[in-house]
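# Overview (structure and organization)
What follows is the residue order along each chain.
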Amino acid sequence: QVQLVESGGGLVQTGGSLGLSCTASGTIFDVNVMGWYRQAPGKVREMVASITSGGTPDYLPSVKGRFAISKDNAKNTVHLQMNVLNPEDTATYLCFLRYYSGEYYWGQGTQVTVSS
């Protein structure tokens with residue numbers, strides 16, 4: 001079983017920055033991708049950023065150039081640095097881990113609120 005524990009998030013003003021971290025623990029093997037989705041009230045869940053085991057990142061177009069994802073394989077940790085935040089970034093951010101088999105694991109989510 002895999003557990004994902006998120007940290008970071010909070011309240012920030014428009015134009016500010018926040019960092020999120022997610023650490024995976026438990027029996028972990030064959031990780032393909034780790035990253036973050038976000039869910040805002042009344043909106044579809046969307047993939048914000050991901051990074052493969054080989055280090056290839058992928059971003060939601062609206063966050064490209066503002067967000068940066070990185071990982072520490074030894075610690076099974078992924079970080080998301082979010083800069084130039086705007087109110088449209090307000091959401092619950094959920095860490096995920098996907099195995100090569102396609103199996104997903106999810107964190108509990110952390111709230112990011114950007115005030116105008």
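Here's what I pulled together on the structure shown here. (Residues numbered from 1 in each chain as written. Predicted model: local features only at pLDDT ≥ 70, side-chain atom pairs only at ≥ 80, totals over all residues. Heavy atoms only, no water.)

## A closer look at the state of the cysteines
Two cysteines whose sulfur atoms are joined by a covalent bond form what is called a disulfide. Our working rule: Note on terminology: pairs of cysteine sulfur atoms within 2.5 Å are recorded as disulfides. Under the DSSP-based scheme used, a helix requires at least four consecutive residues in state H or I and a strand at least two consecutive residues in state E, with every element numbered from the N terminus. The buried label goes to any residue with under 20% of its type's maximum accessible area, the exposed label to any with over 50%, and the partly exposed label to all in between, with areas taken from a 1.4 Å probe on protein chains only.
Counted by the stated rule, this structure contains one disulfide. A disulfide bridge connects Cys22 with Cys95, and the sulfur atoms are separated by 2.0 Å. Around the S-S axis, the bridge from Cys22 to Cys95 shows a dihedral of about -80 degrees and counts as left-handed. Of this pair, Cys22 sits in strand β3 (residues 18-26) while Cys95 sits in strand β9 (residues 91-99), and the two are 73 residues apart along the sequence. Like Cys22, the residue Cys95 is buried in the burial classification.

## Digging into the packing of aromatic side chains
Operational definition: In this scheme Phe, Tyr and Trp rings, the latter by its six-membered ring, pair at centre separations within 6.5 Å, and the angle between planes marks the pair as stacked below 30 degrees, edge-to-face above 60, and tilted otherwise.
The final tally for this structure, using the stated rule, is seven aromatic pairs. Centre to centre, the rings of Tyr37 and Phe96 are 5.2 Å apart; their planes meet at 75 degrees, and the pair counts as edge-to-face. Taken as a pair, Tyr37 in strand β4 (residues 31-39) and Phe96 in strand β9 lie far apart in primary sequence, 59 residues in all. Aromatic pair Phe96 and Trp106: ring centres 5.8 Å apart, planes at 40 degrees, arrangement tilted. With Phe96 in strand β9 and Trp106 in strand β10 (residues 104-106), this pair connects stretches of sequence that are ten residues apart. Put simply, the rings of Tyr37, Phe96, Tyr104 and Trp106 touch in pairs and so form one group of aromatic residues.

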